[in-house]
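The chain contents come next:
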Amino acid sequence: MFIAFPLRLDNAFLKRCEEPEAILALVRVMATTPHGTWAGSPHFGLRDWFEQARTRPELPQLAVQEINRALDDLGITHYKVQSIAAESPTHRDVDSYVVTLADTSGETLTVKV
């Protein structure tokens, strides 16, 4: 079992979760963190990339590579981001993306960021 990320408490105990759920939560944190601001990995953080994606359509594909590099830096090698796709906007000012994560067996999971 993995500890839920970011750390969450449940009745004074750390909340546990399954590994894929923890990786997807990590991707959500990466999406809201400025690129290169975490000393643990220069590839961590994508907030500024997502903010610029409307004018630079190549950024979501580059973000896939950066997320996978950050996962490698963290020793997470059996999961890779397969794709990032823009969702149809519900508000003009807010963009949202669907991130697809694949494990080494080929199983995929998605998260909205």
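Calculation notes
Residues numbered from 1 in each chain as written. Predicted model: local features only at pLDDT ≥ 70, side-chain atom pairs only at ≥ 80, totals over all residues. Heavy atoms only, no water. Helix = DSSP H or I, 4+ residues; strand = E, 2+ residues; numbered from the N terminus. Expected span 1.5 Å × (residues − 1). Buried < 20%, exposed > 50% of the residue type's maximum accessible area, 1.4 Å probe, protein only. Contact = heavy atoms within 4.5 Å. Salt bridge = Lys/Arg side-chain N within 4 Å of Asp/Glu carboxyl O. Axes fitted to C-alpha atoms, helices over the stretch in contact; angles between N-to-C directions. Parallel < 35°, antiparallel > 145°, perpendicular 65-115°, else oblique. Left-handed = near helix turned anticlockwise from the far one by under 90°. Core = buried A, V, L, I, M, F, W, Y, C linked by side-chain atoms within 4.5 Å. pLDDT = per-residue confidence, 0-100.

Undergrad: Describe helix H3 (residues 59–73), with residues and values.
TA: Taking 1.5 Å per residue as the helical rise, H3 with its 15 residues ought to reach 21 Å, and the 20 Å between its terminal C-alpha atoms agrees with that figure. Where H3 is concerned, the buried positions are Leu59, Pro60, Ala63, Val64, Glu66, Ile67, Asn68, Ala70 and Leu71. Residues of H3 that are buried sit in contact with helix H1 (19–31), helix H2 (47–52), strand S5 (79–86) and strand S6 (97–103).

Undergrad: Got a sec to walk through the pattern of salt bridges? Specific residues and values, please.
TA: What the rule picks out here adds up to four salt bridges. In this structure, the salt-bridge partner of glutamate 51 is arginine 47, at a minimum N-O distance of 3.7 Å. On the criterion of helical spacing, the pair formed by glutamate 51 and arginine 47 is a turn pair, its members being four residues apart in helix H2. For glutamate 51, a relative accessible area of 56% puts it in the exposed group. Judged by its relative accessible area of 37%, arginine 47 is partly exposed. In this structure, the salt-bridge partner of arginine 69 is glutamate 66, at a minimum N-O distance of 2.7 Å. In this pair, arginine 69 and glutamate 66 both sit in helix H3, three residues apart, roughly one turn of the helix.

Undergrad: Describe in detail the packing of H1 against H3, supporting the description with residues and values.
TA: Packing of H1 against H3 leaves a shortest axis separation of 12 Å and a crossing angle of 120°. By the angle between their directions, the pair H1 and H3 is classed as oblique. When you trace H1 past H3, the crossing you get is right-handed. Between H1 and H3, the contacting residues are Ile23, Leu26, Val27 and Met30 on the first element and Ile67, Ala70 and Leu71 on the second.

Undergrad: Account for the nonpolar core, naming residues and giving values.
TA: Of all hydrophobic cores here, the largest spans 25 residues; its most connected members are Leu46, Ile67, Val81 and Ile84. Counting only elements with at least two residues in this core, the list comes to H1, H2, H3, S5 and S6. When near neighbours in sequence (up to four residues on either side) are disregarded, isoleucine 67 contacts Val27, Met30, Leu46, Val81 and Ile84.

Undergrad: Could you give me a rundown of the confidence of the model for the protein, with the residues and numbers involved?
TA: In the predicted model, the protein carries a mean pLDDT of 81, and 89% of its residues have values of at least 70. Predicted confidence in the protein is weakest over strand S1 (residues 2–3), with a mean pLDDT of 54, and strongest over H3, with 90.

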